[in-house]
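Chain by chain, the residues run as shown.
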Amino acid sequence: MTALNPEESVQANPAADATAANVESSGSVPAESAQPANSAGKSRWRIFNDYLALTKPRIIELLLVTTVPAMLLAADGWPPFGVAIGTLVGGALAAGGANTFNSYLDRDIDALMHRTENRPLVSGAVPPRHALILGWTLAVLAVIILAATSNLVAAALGAAAIGMYVLGYTLLLKRRTPQNIVWGGAAGCMPVLIGWSAVTGGLAWSPVVLFMIVFFWTPPHYWPLSMRYREDYAAAEVPMLPVVSEDTTVMVRIMRYSWLMVGCSLLLIPVAGMGWLYSVAAVLLGAGFLWQVYVLRGQVRAGVPRPMRLFHGSITYLSLLFLAVGVDPFVG
């Protein structure tokens, strides 16, 4: 995922310049007295952007896309407002804390990859100690908020998700095995369990199937990105599957996981008693996703792969599928 660009905050601001010129011409405030305040504002905004980038907000957005529909399905409609807000805030903080720990632990790798070489910890915009403090603060707040606004089950699952991503994926798997994203990606499946348990106080087969959809979705989503940035991962000695295997082998794995993902999306229909809207969406979206997979396989065979189309298409697939999960209880 692309982090926020810290350089965006230091670009010129024509509106601010025009305001300063008007003040100067009016004689009410000297121009030099207005300029330091404007510079300070830019500095604060840049600092905020740098720290926000550590949390990888675009990843947080994708995680929340699966949390909200899980709550709607669990409640068979609208969940309690306080529970919903607390779960979203707690979930966002948990994801932000885990991502900040990941940024801290992977800063040596990020320095070797062109895609990540401008991240705040690599550029020196944020001291490592500050990142570590931010990660712990967000993680602790997340568990407290989940426990206070929903229940201890959701809070425990939130803590488990942080541990799985930081300890399981970042520390144990990422640098050691090509299966890193398969098993490490399980942390990204936890929001559906957190959302469901926040509403019901427990778990059932429906959230388990939702979990499996995201679990099988993760490799077809991430391996195309790894194909695109193969040289970056190789330079950092991260054994992503496309680094250690031929593209044809990677495509076989992508096809297997894609079929399993689509199968789980259809399994949700009888397990959760889904209505016509979700059923139609699951069939059409699944067919569209598989079509993209086989298009990429053809491109690989022809020696002209364009993996980022599948990467972006996978985000659209998951977003629309879970949108159907959330809307279905209202039209069934």
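Further up the page is the structure itself.
Described in the following lines is the structure provided in the data block. Only a predicted model underlies this, so the values are computations on that prediction, with no experimental measurement involved. (Residues numbered from 1 in each chain as written. Predicted model: local features only at pLDDT ≥ 70, side-chain atom pairs only at ≥ 80, totals over all residues. Heavy atoms only, no water.)

## Things to note about the packing of aromatic side chains
One pass over the structure, following the stated rule, counts ten aromatic pairs. Considering the side-chain rings of tryptophan 183 and phenylalanine 215, the 5.7 Å spacing of their centres and the 50 degrees angle between planes classify their relative orientation as tilted. Of this pair, tryptophan 183 sits in helix α9 (residues 180-184) while phenylalanine 215 sits in helix α11 (residues 205-228); the two residues are 32 residues apart in sequence, bridging distant segments of the chain. For tryptophan 183, a relative accessible area of 57% corresponds to the exposed category. Ring centres of phenylalanine 289 and tyrosine 317 lie 5.1 Å apart, and the angle between their planes is 55 degrees; this geometry places the pair in the tilted category. Remark: tyrosine 317 occurs in helix α16 (residues 307-331) and phenylalanine 289 occurs in helix α15 (residues 276-302); sequence separation between them is 28 residues. Tyrosine 317 shares its class with phenylalanine 289; the two are buried. The positively charged end of arginine 107 is found above the aromatic ring belonging to tyrosine 104, 4.3 Å away from the centroid. (Phe/Tyr/Trp six-rings, centres within 6.5 Å; stacked < 30°, edge-to-face > 60°. Helix = DSSP H or I, 4+ residues; strand = E, 2+ residues; numbered from the N terminus. Buried < 20%, exposed > 50% of the residue type's maximum accessible area, 1.4 Å probe, protein only. Lys NZ or Arg CZ within 6 Å of the ring centre and 35° of its normal.)

## Concerning the nonpolar core
Counting 79 residues, the largest nonpolar core has Leu210, Phe211, Ile213, Trp223, Ile254, Met261 and Tyr278 as the members making the most contacts within it. Looking at which element gives the most residues to this core, the answer is α11, with twelve residues. Filtering out sequence-adjacent residues up to four positions away, tyrosine 278 remains in contact with Ile213, Ser265, Leu268, Ile269, Leu321, Ala324, Val325 and Asp328. Formed by five residues, the second largest nonpolar core is a distinct cluster that contains Leu54, Leu121, Val126 and Ala131. (Core = buried A, V, L, I, M, F, W, Y, C linked by side-chain atoms within 4.5 Å. Contact = heavy atoms within 4.5 Å.)

## Some thoughts on the pattern of salt bridges
All chains considered together, the criterion is met by five salt bridges. The salt bridge involving aspartate 106 is made with lysine 174; its shortest N-O contact spans 2.7 Å. Of the two residues, aspartate 106 is situated in the loop between α4 (81-105) and α5 (107-110) and lysine 174 in the loop between α8 (152-173) and α9; the sequence distance between them amounts to 68 residues. With respect to class, aspartate 106 is no different from lysine 174; both count as buried. Note that arginine 175 is salt-bridged to aspartate 106, the shortest N-O span being 3.3 Å. Pair noted here: arginine 175 is in the loop between α8 and α9 and aspartate 106 is in the loop between α4 and α5, with a separation of 69 residues, a long-range link. The network of salt bridges with shared partners includes Asp106, Asp108, Lys174 and Arg175. (Salt bridge = Lys/Arg side-chain N within 4 Å of Asp/Glu carboxyl O.)

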